[in-house]
Amino acid sequence: MIYEVAMKKLLILFSVSVFLLTACLEKEEVQEQSAPVEKKPVVAVVEAKQESYSPVLEFGGSFKPFREANLSARMPGKIKKIHYREGATVPKGSVIVTLSGEMAEAAEAELEAVEKDYERVKDLVDSGVLPQQQLDHLEAKLNASKAKVKMTKENMEIIAPFDGMVAEHMLREGEEFMLLNPGLTPGFSHANGIIRFMDLNKLFLEIQVDEKELPLIQKIKDIEVVADAYPDTKIKGKIYSTETLVSVISRTAVVKIEISNAKKLIKPGMFGRVKISLPEVKAVMVPRLSLIRQAGTNQYHLFVIENGTAILKNIEIIEDLGDFYAVKGIESGEKVVSAGKTKLRDGVSVTVSSK
């Protein structure tokens, strides 16, 4: 009797356990069926294409005179008259400065005295009183005095060596010119002088060019120059010269771009910019919006879609072309994500929009 009662209790307990287990399994199955399926990110793609474009190199630099000279005398003296104001245009051969004539007068007086001595000694030599050697010595002194007079007279006037402009009076009327009188205007020549004289009909724009870019610009003929003071005016320029030596510090060389400045609008010292268009090359193009910049760096990457999967690729930008970039790092024909990239991570499955 006791045995039958125990068996009944075990049977009831087993039945309850089976019931509870079945209920739990059914509940989990219902929960699994009702749980939403995770959706794949939807992205738009464009095809990367290889296209031709003309690379453009951009530089900035300062304008310099095409020619300049610090005009001075070869001997010390007082400045008597400066005939042209600063900024005046002066034709070649014109007298710009006249110096006082005290030294010339002294030289002429000395010459006159030597000439008298020469004539007196010559008479004595001719009569046999003095030897020829004494006359020869005096003749050399006479020639030196004549040369001195000529030099002092020439030194009284400073002549314009070319058509140009008086850029600066380095000394004023009445001041004494000394042989050590440096002009210290930054950015221009540092030498003795009375007048700083410049040819501004043409100017140089001096730019620093990287050693890798030097071979690219040597044969370029059409160069676009713009002065910051006149941003809407484009000026045609051409390469005048390239510095022979490359700086061991910056690895750059100075290149001079020649421009016309007939109206004298651009002044030496102004800042200018230059664009140099290089011959066409081919590169893979991608939309600007497809690139992602890594925070805190200058590195870029983008996503391409391969077999429904987003693949992250590092990109090197070759040229900024406005709405597109010429890049390295992907091949022509690859599908580049153009929209929806913020939802992606490397290796995630995606749905490509058909729109």
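Look up: the structure comes first, before these words.
Residues numbered from 1 in each chain as written. Predicted model: local features only at pLDDT ≥ 70, side-chain atom pairs only at ≥ 80, totals over all residues. Heavy atoms only, no water.

A. Structural context of the overall build of the protein. Check the secondary structure of the protein and you find four helices and 21 strands. Restricting the contact set of the protein to residue pairs at least 6 apart, pairs at least 24 apart contribute 74%. About 22,800 Å² of surface is accessible on the protein, with carbon and sulfur atoms providing 55% of the total. (Helix = DSSP H or I, 4+ residues; strand = E, 2+ residues; numbered from the N terminus. Contact = heavy atoms within 4.5 Å. Areas by Shrake-Rupley, 256 points an atom, 1.4 Å probe, with all protein chains shown as cover.)

B. Region of interest: the sheet that holds strand β6 (residues 95–99). Strands sit in the order β7-β6-β4-β9 across an open sheet of four strands; the sheet is antiparallel. Bordering the open sheet on either side are β7 (157–159) and β9 (176–177), each of which pairs with just one other strand. Alignment of β6 against β7, held across three bridges, turns out to be antiparallel. Bridging from a neighbouring strand, Val97 pairs with Ile158 of β7. (Pairing = 2+ DSSP bridges.)

C. View of the pattern of salt bridges. Per the stated rule, a full pass over the model turns up 10 salt bridges. Residue Glu112 pairs with Lys116 through a salt bridge whose shortest N-O separation is 3.8 Å. You can see Glu112 and its partner Lys116 sitting in helix α2 (residues 102–126), four residues apart, about one turn around the helix. When the shortest N-O distance is used, the salt bridge between Lys313 and Glu334 registers 2.8 Å. Of this pair, Lys313 sits in strand β18 (residues 309–320) while Glu334 sits in the loop between β19 (324–328) and β20 (335–339), placing them 21 residues apart in sequence. (Salt bridge = Lys/Arg side-chain N within 4 Å of Asp/Glu carboxyl O.)

D. Quick look at the side chain of His301. Among the structural elements, His301 can be located in strand β17 (residues 300–306). Contact partners of His301, with chain neighbours within four places excluded, come to Ser290, Leu291, Ile292, Gln294, Leu312, Lys313, Asn314 and Ile315.

E. Seen up close, the packing of aromatic side chains. Applying the stated criterion across every chain, the model contains four aromatic pairs. With 5.0 Å between their ring centres and 40° between their planes, Phe66 and Phe204 make a pair best called tilted. One end of the pair, Phe66, is in strand β3 (residues 56–71); the other, Phe204, is in strand β10 (residues 195–210), with 138 residues separating them in the sequence. Residue Phe66 is classed as buried on the basis of its relative accessible area, which comes to 17%. Arranged with centres 5.2 Å apart and planes meeting at 40°, the rings of Phe162 and Phe197 form a pair that is tilted. Pair noted here: Phe162 is in the loop between β7 and β8 (164–169) and Phe197 is in strand β10, with a separation of 35 residues, a long-range link. We note that Phe162, like Phe197, is buried. (Phe/Tyr/Trp six-rings, centres within 6.5 Å; stacked < 30°, edge-to-face > 60°. Buried < 20%, exposed > 50% of the residue type's maximum accessible area, 1.4 Å probe, protein only.)

F. How the structure looks around the environment of Ala48. Among the secondary structure elements, Ala48 is positioned in the loop between β1 (42–47) and β2 (49–53). Of the residues examined, Ala48 reaches a relative accessible area of 2% and is grouped as buried. Each C-alpha atom of the pair Ala48 and Val304 lies 9.6 Å from the other, and the pair is 256 residues apart in sequence. Not counting residues up to four positions away in its chain, the partners in contact with Ala48 are Val284, Met285, Val286, Ile330, Glu331, Ser332, Gly333, Glu334 and Val336.

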